[in-house]
Amino acid sequence: MLSSLLLSGAASWAPSLGPATRPAVRAARVSPATAAPLMVAEPARPEAFVGSTFGSNSAMFYRQGMLVLEDGTRLRGVSFGCEKPVSGEVVFTTGMVGYPESLTDPSYRGQMLVMTYPIVGNYGVPDDEVDEWGLPKHFESDSIQVTALIVADYSHHHSHWSSRRSLSQWLNEQGVPALYGIDTRLLTKKIREKGALRATIEFDPAVARGGEPVLPAFEDPNERNLVAEVSLKEPRVFNKGGKFKVLATDCGIKYNIIRSLLQRGCEVTLVPWDTPLLPLLEDHDGLFLSNGPGNPAMADKTVGHIRDAIAAMESGELPVKPLFGICLGNQLLGRAAGATTYKLPFGNRGQNQPVVNLLSKRCFITPQNHGYALDADKLPEGWMPIFENRNDGSNEGIMHKERPWITAQFHPEAKSGPSDTAFLFDLFLEAMGNPALPLTPALERGKYAAPEPKPLSKVLLLGSGGLSIGQAGEFDYSGGQAIKALKEAGLQVVLINPNIASVQTNTEGQGQLAADQVYLMPVTPDTVETIIERERPEGIILSMGGQTGLNCGVALEKSGVLEKYGVRVLGTSVAAIEATEDRGIFSDKLNEIGERIAPSFACDTLDEALEASKTIGFPCMVRCAFALGGLGSALIDTEEKFEAHCREAFASTPQVLVEKSLKGWKEVEYEVVRDVADNCITVCNMENFDPLGVHTGESIVIAPSQTLTDDEYHMLRTTAIKVVRHLGIVGECNIQYALDPHSNDYCIIEVNPRLSRSSALASKATGYPLASVAAKLALGNLLPDLTNSVTLSTTACFEPSLDYVVTKVPRWDLSKFDRVSREIGSAMKSVGEVMAIGRTWEESLQKALRMTDPAIAGYQPHDEFVAESEEELNRSLQVPTDTRIYAIAEAMKRGYSVDRIQSLTAIDPWFLWKLKRINDMGQILSEYTPKTLPAGTVLQAKKSGFSDAQVAKLTGSTELEIRALRKAMGVTPFVKQIDTMAAEFPAATNYLYMTYNGDEHDLDFEDKGTMVIGSGVYRIGSSVEFDWCAVSCIRTLRKLGHRAIMVNFNPETVSTDYDECDELYFEEISTERVMDIYEHEAAFGVIVSVGGQTPNNLALPLEAAGANILGTKPSDIDKAEDRNKFSSILDQIGVDQPDWREMSSIADAKAFCNSAGYPCLIRPSYVLSGAAMKVVFSDSDLERFLAVACEVSPDHPVVISKFIEGAKEIEVDAVACEGTVLNYAIAEHVENAGVHSGDATLVLPAQKLFVETVRRVKRISRQIASELKISGPFNLQLLAKDNEVKVIEANVRASRTFPFSSKTLKANFIELATKVMVGSNPPAMRISLLDNEYVGIKAPMFSFTRLVGADPVLGVEMASTGEVATFGEDAYDAILTSMISTGFRIPQRSVFLCLGPLEAKMAFLPEARCLISMGLRVSCSQGTYDFYKSRGLDVHLMHKPLSKTQPNIEDAIKSGEIDLVINVRDSKADDDSKTDGFLIRRAAVDSSVCLLTDIKLATLITEAIHRRKPMNIKAWDEFGS
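Remember, predicted model here, so these are calculated numbers, not experimental data.

### Describing the overall build of the protein
So, step 1. Each helix and strand in the protein was counted, giving 46 helices and 60 strands.
So, step 2. For the protein, the C-alpha radius of gyration of 34 Å lies close to 36 Å, the compact-globule estimate for 1521 residues.
So, step 3. Structurally, the protein occupies a C-alpha span of about 110 × 75 × 65 Å along its principal axes.
So, step 4. In the protein, buried positions account for 68% of the 1521 residues.
So, step 5. Put simply, of all contacts in the protein between residues at least 6 apart along the chain, 74% involve residues at least 24 apart.
So, step 6. Carbon and sulfur atoms make up 49% of the accessible area of the protein, which totals about 48,600 Å².
So, step 7. Once the 150 positive and 195 negative side-chain charges of the protein are each reduced to a mean point, those two points are 2 Å apart.

Okay, here's the thing in C-alpha cells:
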C-alpha cells in the first residue's frame, strides 16, 4: 500500500494516516490552574498530519512538537528541524522571501521566529561559499541565530539552481528546532494583541527511542545580554588599505552591512561590543554602530563608549567624525544622546515597513527587525528625528542638526528585503570625505514641490468597450473603482463605454458612486473628440480602458485634439505610454539605464522584419506594438512561417518586434505603483507555472512567487522600480521578466503602462485596490497620504504581505471551435480566469482547477485529455495546450517521475513535486472505503485541496455521504481574512476565504445574511452581464437593509470588489462550499438566479442539502431546465412549440427526424451558451452530434425538436412574483432563428413584430410564469413565423440581456427581481414599449482573430465573447453606432460579395445597388457575379481561393484591397473541409478586414450606411428625456 511506502529525499510518508497513531491537531490549552482559558479550535477535530505535506525526516523517527505559550495556549506541529526542547520569545516576520538571511540575522537571537508566509523551504538553502572578503555570500552570520522556526507549511522538496541542501537538513545541522503545520495566522494575531510572548517547544517521546518529553521553563531572552552573545570576541579588519577607514562596533552586525561598506571601498575594523571607541576613533574616518538583538539597555556599556566619543568630538578633543548607526545602532546613539527606549508591543519585523524621510517627505519601503524603539520626544537640543514609521509613528532614525551623525532604525543593506535606502551608505561615505558638509541638503534631495493646481472639475474616462479575448471584465472593475475614486474627490465624471453590460455604465449607483454622464458610444477618436467638445472636461484618464482606451488616447494626443480643447492627460503621460508601447523606443529607454532586454529589432516593414530574423536566427519571437493579450505574437521556428506570420501581423499593427527566443526561462511579473513625487512600490509579484513561451494570460499563475530567492525577488523588484521611474509612469503598471532558471540572469519582456488583467488579479490577490489608488495618484495625490482601505489605519504606501497563496487558472472554450488548435503560446486564447486562495499550494491549485468548470474534480486525469500512446502523452507534455495540467496528472498516474516530466515540460520541479503529492494523496484515498476511511486521512485530503466529491469518487462513495462523514469527524473549514498585512495590524475587512489549514476563524458569525451566488468564471455564454446582475442584486439587498454575502471567485469582476457587499467569500461555487458558508453564516437564504447557469444548476442540490433558496422554487427551476419536463408542460398548458421528442435511442431519434423532416435541433438540458446544441441536416449529422450532446449533459435528457427555417426569433426578459408578471421587455433578433441569442444582433423595442404577435408573446409569458410559479427573473426565447409564435426555451434566471433591457428601458429588472425574492412585495413596473422614442441595438463581439483556424460563422452554439449596445432614433442609427463599437469600419473603397443561396442574392439585390451608388467598387465571386451582372449591376469578378485563378479574392483581402467581405454560406450543415467560403472568411479575419456572414444583418447595415447621417451622440440619460 502506498500509505506505508517511504519516499526518497528529505520527505517521507508516515506509516498510517489514521487517527490511532497521531496526536490531535488543534489549538489546545492547559488547565485553568496554570493559565487563563483561551478559545480552542473545534474539539472534535481529528488527529492527523499537519500542513499539506506528509512526514518529516523519516517515518520511523517521525515526531510532533508542541509550542506552548506563556498564556497557556498549546499548538501542535510537525518537526522538521532538530528535536530538542527550547525556550524563547515568539515573534513574527511578514517577509515572504529570504528565510536563510532571516534565520542567520543576529538580531533574532533568543527568539522563536514565526514566518507569516505559509510555505517555507521552497528554494532550499545555498552552500557556505564566501566572498572575496571571507564573508558568507548567502548568510548574515556564521550560524542560525533563531532559537526555533515556526511555519504553516514546509516544502519537503526544494528547487533552485543555487540550493545545496534542504532547510530541514540545515536546521538539523545547526541544532535548531522547527515546526510546521501550525496556524501561524492565529499565532500572529495573538502576538499582535498580547505582544511578544514567552514560549517553549516540547517534543513527544520518539517513536523508536523511548523516553519522556523534556519540559523547558519559560525564559525572557531580553533579560540576557544577547549583544554579548553574538558579538565577536576579537577585533577583525576587512579590506586593509581601503579608501575610508570605518570603525564598526559589533553588537550583532549583519554580514551584508560589512559587505555594503567594503563594496564602497572602505576598510572596516570590527570590534567587540564593549570595546572603548574613543582611543580607536582618532585613527578612523567614521564610526559605525551595528544592529543587534534584544534590549538596548543591556548594552549600556556600548552606550557609554558612544557617549564618550560624542563628548570628545563636541569638545574638540577629537575631530568630528561621521557616525552612522543601523537598527540597534539607532537606539544606542539615541540613548547616548540622552533619549530613552521602550519595548514595542510586538516589534517591527518584515520587509514592507513604510518609512518617511521627515525632510524630503519621501516614503521608502524598508526591511526591519527590532522589538524596541527610541522615544524621539526625549531627544535633547541639537538632535532631531529624521525618519518615522508611516504606520505606527515610531521613530525610524535620528540625526544631529549640525554634525554628520545619522542613524536608521531600518536596514538599508537589505538582506533580506528591499534596498531602497542603500543611499544612506553613500551619504556616510560623502560625510567621511568631507565631515564639514551638512547632511540636510542631501536628505532633502527629491523633495517634492507640488505645482500650482490647475482647474479640474470634470474628468473624462475612456472605457474598454465590449469584452474580447485579451480584454475582458477586468476593465469594468478598474474603471468602476476609478469612478468611485474620482467621485470621492468631488469631480464630475464622464464615461465613454459602449459595453452596456458593465457595472461602470450604470448612472444609478444603488448606494455606490456612479459616473455623472455615461456615453454608450464607440471609443474611437472621432466620437471621443465630439464628446470632448460637448462636455469640455479638463482632464482625461487613459489607463483604465485597456488597450482600446490607451490607443484612442494616444491618437487624440497625436492629432492635437487634447491640446485643442485644453484637456490634459492625468497620470501617465502619452510620451511615457509610447515609450512602452513602441518597441523601438522601449528598447532604447531600457538601454539608457543599462537594463537587460532580449536582443531584438523593432521593424516597421516586412522587409525590415525579414532582415532582423536573419540576425536573430530561429526560433525567434514576434511581438506586435500597441497590442493586447499578445495579439499577433508567436514563437516562430522557420523563415517560411515567419514571413506568413509577419504579413498577418502588419495587417493589424504598424510595428513588430523580432526578438531572441528565451523559451524555457521562468516568467515573473510585478505590479508597480508610483506617484508624481517618485514614491514607488511593488504591490504584488507573480510567477508563471508555465515557462516562457506561454502568455501570462494563458498560464497558471501563482502569487506570490514560489521559487525565487531573496536575491532574485529583490533584484527584479529593484529593477522594476528603476524602470518605472525612468519611464515616468504615474499610477499603476506591470513589468514582465524572463528569468533564467539556472542563474540570476534576466531580461525585461515588457511594461504595460496601464491597469491590466494582471492588475485586477493582483488587486484581488492582495486586497490592495490598485485601480482606486492609481486614479487618486492621477489626480496628484501622494502615496503616503492615502490610507490602506483594508486596515483603515495604515498608509497605502506599503507592499502587501500575504499569509496565503493565490493561484490563477485560465478558462478556455477552444472545444467550441472546429480546427482551432488546442496548443497555447504567446498569444491569448483564454476567455476568462479564476483565482483561488489557500494556505498550501495544493489547496489553492485544486480549488482553482474546479473553479474553471463544474466537471473538473481537481488535479487528476480528466476526460478532456486523452492520450492513447506514450508518444502522444510525451508530446502533450512537451507542447503546451489548454489541457496540459491534466496531461501531467495522466503522466503521474502512469508512473512518470518528476524528473521525466520536468525534462519534457521545463516546469519548475517545485510545482511538479507538489502535484506529485496530490497524486499520491489520491492513491492513498483510493485504498479506503467510507467505512475504513480514517479521520486523519480525511483531514489531510482536505488540507491538500480535495473536494468531498473527489474523495467520494476515490473511495466509492457519494458526495453527501463524505460530507456527512467528515462533519461527524469534526473536519470543517475555517474562515480567514485577506487583510494585506498578514495579520500584523487589525483589519476592518470583509474579504474572506475558507481553508482547512487553520485552527480558528478570523471572525464571529452573528448577523444572518443573504447569500448571492455570482457567475464564476467568464466563458462564452456567461460574462460581465451576469456580474452586472449580481452587483445589482447585492446593491439592492443593502439598500433594503439586508446583509449581503457575495460568493464568487472571478478576479475580473466588480462583484468581487470587497466594498460592494457586507461579506465577500472568494470561494468555489459548488454545493460543498456554498453549504459550508451557508452553515457558518446561518444565512437567511441563497439567491442563485442572478449569476447565470452555474449557480442556477446548484438550486436542486443546495435545497436537498438544506439551504433556503430564495425566489422560484428549485423544483420549478428544474421544470424549465429539464428539456423533457419543459416541453411536456408547454403541451399541457397549450403553448405552441416546435415538434419534439426526448431521445431514448439513436434509432428513435432518426425515426423522429425523418418523420418531422430535417433540419432538426439537438438540445441538451442544463447547459450554457447552447453547448453541444446543433442543427442537423442528415442522419450522419445526427449520430455525430448526439454523442457530443450526451457527453455535456450526461445526467439530464437530450431533446430533439424540429428546426424551423426562416423564422424570426423573439426574446423576452421579465420579472414575476408568485407567477404574476411585474415587468417585461420584448426584443427581436435581426438574424433569423438558427443564430444563438448571444451571437444575434438584438433590437429593443422590437421594430418589426405584428401587434398580434406581441399580444401572443405577452400571453405566453404570463402562462409560463404562472405555471412555473416564478418569483424572480426569467427569460423566454420564441419563434415567430407567419404570425405563429412557438416557444424555444425558458430560463428561470436572469439572462445575458438583462442589463441591456434594464438600461434601454431605464428600469432595473434585477432590482425589482431582488425585491421579489426577499419578499418586499414591489409593485409592477409596467412599460409601454410603444412609447419609446429611441431604439437600442445590442451587437456581439467576436474574437475570431485570436482563434486561428476557427470558421467565423454563426450558429446555434454561441461563439461571441462580449457585446456592446448603443441607442439611436431608429434602428439604422443604432446599428451603425453599435457595429462601429465592435470595431466595424464603414467601407470607403471596396466590398466583396459571395452570397451562396439564391434567396440571399435576391434579398441583397437592392443593397448591392446601394453599395454601387455610394461609389464603392463591388467585387463578387463567380455565382454572385453572374447573378448581379445579368441584372445590370456594375460588379467585378474575383475568383475563389481554391481556383488559384487571378484576380483571386484571398490575395486581394491579404493585400488590403478589400474593406468589407459579405459572405453567406450555401448550407447550414457543418463541413470539416476547408471550403472556398472558409478560406475567404478566415482571410478576412486574419487580415483585419470587416466580415458579415448573415444576409439580414448585412442588409440592415448596408441600408444604414446608405441612409447615414452624422452620428447621434447623446449621453444615456438624454435618450427619451
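Still to come is the rest of the account.
### Brief notes about the side chain of D183
So, step 1. Here D183 is to be found in the loop between β11 (178-180) and α3 (184-194).
So, step 2. Under the relative-accessibility criterion, D183 is labelled buried at 2%.
So, step 3. Within the structure, D183 has its side chain in polar contact with the backbone nitrogen of R185 (distance 3.2 Å).
So, step 4. Polar side-chain contacts of D183 include one of 2.7 Å to the backbone nitrogen of D999.
So, step 5. Excluding residues within four positions of it along the chain, D183 makes contact with R839, K976, G998, D999 and E1000.

### Digging into the environment of E833
So, step 1. By the secondary structure assignment, E833 is in strand β38 (residues 832-838).
So, step 2. In this structure the C-alpha to C-alpha distance between E833 and E611, which are 222 residues apart in sequence, comes to 38 Å.
So, step 3. Apart from residues no more than four positions distant in its own chain, E833 is found in contact with R757, L761, K808, V809, P810, R811, V1017, N1050, P1051 and E1052.

### Overview of the nonpolar core
So, step 1. Core analysis: the largest hydrophobic core is formed by 281 residues, its most contacted members being L167, Y670, F689, W841, I888, L915 and M1011.
So, step 2. Setting aside residues no more than four positions away along its own chain, W841 makes contact with I119, F689, I702, V805, T807, W910, F911, K914 and L915.
So, step 3. Counting residues in each nonpolar core, the second largest holds 43 residues, with M1379, F1404, L1411 and L1492 among its members.

### A few points about the pattern of salt bridges
So, step 1. Scanning the model with the defined rule gives 98 salt bridges in all.
So, step 2. Note that D803 and R185 form a salt bridge whose closest N and O atoms lie 2.7 Å from each other. Placement of D803 in the loop between α21 (770-778) and β37 (805-811) and of R185 in helix α3 is noted, with a sequence separation of 618 residues between them.
So, step 3. Between E750 and R583 there is a salt bridge; the shortest N-O distance is 3.0 Å. Remark: R583 occurs in helix α16 (residues 583-592) and E750 occurs in strand β36 (residues 746-752); sequence separation between them is 167 residues.
So, step 4. What makes E750 buried here is its relative accessible area of 15%.
So, step 5. Here the salt bridges do not stand alone but share partners, grouping K847, K942, D948, R963, R966, K967, E1067, E1072, R1073, D1076 and E1079 into one network.

### Let's talk about the state of the cysteines
So, step 1. Evaluation of the coordinates by the stated rule reveals 0 disulfides.
So, step 2. Here C1394 is not cross-linked by a disulfide; its sulfur's nearest cysteine counterpart is in C1420, at 9.0 Å.
So, step 3. Accessibility expressed as a relative area gives 7% for C1394, which makes it buried.

### Digging into a negative patch on the surface
So, step 1. A surface patch of negative charge is lined by D604, D607, E608 and E611.
So, step 2. With respect to the helices and strands, the residue D604 is situated in the loop between β28 (600-603) and α17 (606-616).

### Let's talk about the environment of Y372
So, step 1. Residue placement: Y372 occurs in strand β19 (residues 363-375).
So, step 2. A C-alpha to C-alpha distance of 56 Å links Y372 and A1099, two positions 727 residues apart in sequence.
So, step 3. With residues up to four places along the chain from it excluded, the contact list for Y372 reads N222, G294, N295, P296, Q331, Y342, K343, L344 and Q409.

### Observations regarding the confidence of the model for the protein
So, step 1. Of the residues in the protein, 93% reach a pLDDT of 70 or more, and the chain-wide mean stands at 90.
So, step 2. pLDDT under 50 marks residues 47-61. Its contacts with residues more than four places away, or in other chains, come to 91 contacts.
So, step 3. Long-range and interchain partners of residues 206-210, a stretch whose pLDDT sits below 50, account for 9 contacts in this model, where long-range means more than four residues apart.

### What to know about the environment of D863
So, step 1. In this structure, D863 sits in the loop between α22 (841-852) and α23 (870-878).
So, step 2. Sequence-wise, D863 and Y886 are 23 residues apart; in three dimensions their C-alpha atoms are separated by 8.9 Å.

### With respect to helix α36 (residues 1146-1156)
So, step 1. The complete set of buried residues in α36 reads A1149, F1152 and C1153. For α36, the angular spread of the buried residues around the axis is 95°, confining them to a single face. Turned more than 90 degrees away from the buried face of α36 sit A1147 and S1155, all of them exposed.
So, step 2. Positive phi appears at G1157, one or two residues downstream of α36, with a value of about 95°.

### Brief notes about the packing of helix α25 (residues 898-905) against helix α26 (residues 909-925)
So, step 1. Interaxial distance between α25 and α26 falls to 10 Å at its minimum, and their mutual angle equals 135°. By the angle between their axes, α25 is oblique relative to α26. Considering the relative orientation of α25 and α26, their crossing is right-handed. Contacts between α25 and α26 involve V898, I901, Q902 and T905 on the former and, on the latter, P909, L912, W913 and K916.
So, step 2. Looking at the contact of α25 with α26, its residues break down into 5 nonpolar, 2 polar and 1 charged.

### A word on helix α29 (residues 959-969)
Two residues of an α-helix separated by three or four positions point the same way, owing to the 3.6 residues in each turn.
So, step 1. Every buried residue of α29 is accounted for by I962, R963, R966 and M969. Projected down its long axis, α29 shows its buried positions confined to an angular sector of 130°, all on one face. Residues of α29 that are exposed and point more than 90 degrees away from the buried face comprise L960 and A968.
So, step 2. Against the buried residues of α29 lie α27 (935-943), α28 (948-955) and α31 (1071-1081).
So, step 3. Immediately beyond the C-terminal end of α29, within one or two residues, lies G970, with a positive phi of roughly 85°.

### Overview of the sheet that holds β28
So, step 1. An order of β28-β31-β29-β30 is seen for the 4 strands of this open sheet, with the pairing classed as antiparallel. What marks the edges here is a single partner per strand, and that holds for β28 and β30 (634-636). Each neighbouring strand pair of the sheet contributes to a mean axis angle of 25°, computed without reference to strand direction.
So, step 2. Here strand β29 (residues 620-624) runs beside strand β31 (residues 656-660); their pairing, made up of 5 bridges, is antiparallel. From the neighbouring strand, M621 faces β31, where its bridge partner is E659.
So, step 3. Set on the sheet, α16 makes contact with β28, β29 and β31; between it and β28 the angle comes to about 145°.
So, step 4. Those strands touched by helix α18 (residues 639-650) are β28, β29, β30 and β31, and its axis lies near 10° from that of β29.

### Describing the sheet that holds strand β60 (residues 1490-1492)
So, step 1. Taken together, the 5 strands give an open sheet; going across it, the order is β58-β57-β56-β59-β60, and neighbouring strands pair in parallel fashion. Whereas interior strands pair on both sides, the edge strands pair on one side only; in this sheet they are β58 (1435-1437) and β60. Going across the sheet, the axis of each strand differs from the next one's by a mean of 25°, ignoring polarity.
So, step 2. Bridge count between strand β57 (residues 1417-1420) and β58: 3 bridges; the pairing is parallel. Across the sheet, V1418 pairs through a bridge with V1435, a residue of β58.
So, step 3. Sheet contacts for helix α46 (residues 1495-1506): β56 (1390-1395), β59 (1460-1464) and β60; angle to β60, the most-contacted strand, approximately 125°.

Parameters and conventions
- Residues numbered from 1 in each chain as written.
- Predicted model: local features only at pLDDT ≥ 70, side-chain atom pairs only at ≥ 80, totals over all residues.
- Heavy atoms only, no water.
- Helix = DSSP H or I, 4+ residues; strand = E, 2+ residues; numbered from the N terminus.
- Rg over C-alpha atoms; globule rule 2.2 N^0.38 Å.
- Buried < 20%, exposed > 50% of the residue type's maximum accessible area, 1.4 Å probe, protein only.
- Contact = heavy atoms within 4.5 Å.
- Areas by Shrake-Rupley, 256 points an atom, 1.4 Å probe, with all protein chains shown as cover.
- Lys, Arg positive; Asp, Glu negative; His and termini not counted.
- Charge placed at Lys NZ, Arg CZ, Asp CG, Glu CD.
- Polar contact = N/O pair within 3.5 Å; in protein donor to acceptor, adjacent residues only side chain to side chain.
- Core = buried A, V, L, I, M, F, W, Y, C linked by side-chain atoms within 4.5 Å.
- Salt bridge = Lys/Arg side-chain N within 4 Å of Asp/Glu carboxyl O.
- Disulfide = S-S within 2.5 Å.
- Patch = residues over 30% accessible without salt bridge, like charges linked within 9 Å, V, L, I, M, F, W, Y side chains within 5 Å.
- pLDDT = per-residue confidence, 0-100.
- Arc of directions from axis to C-beta.
- Axes fitted to C-alpha atoms, helices over the stretch in contact; angles between N-to-C directions.
- Parallel < 35°, antiparallel > 145°, perpendicular 65-115°, else oblique.
- Left-handed = near helix turned anticlockwise from the far one by under 90°.
- Nonpolar A, V, L, I, M, F, W, Y, C, P; charged D, E, K, R; others polar.
- Pairing = 2+ DSSP bridges.

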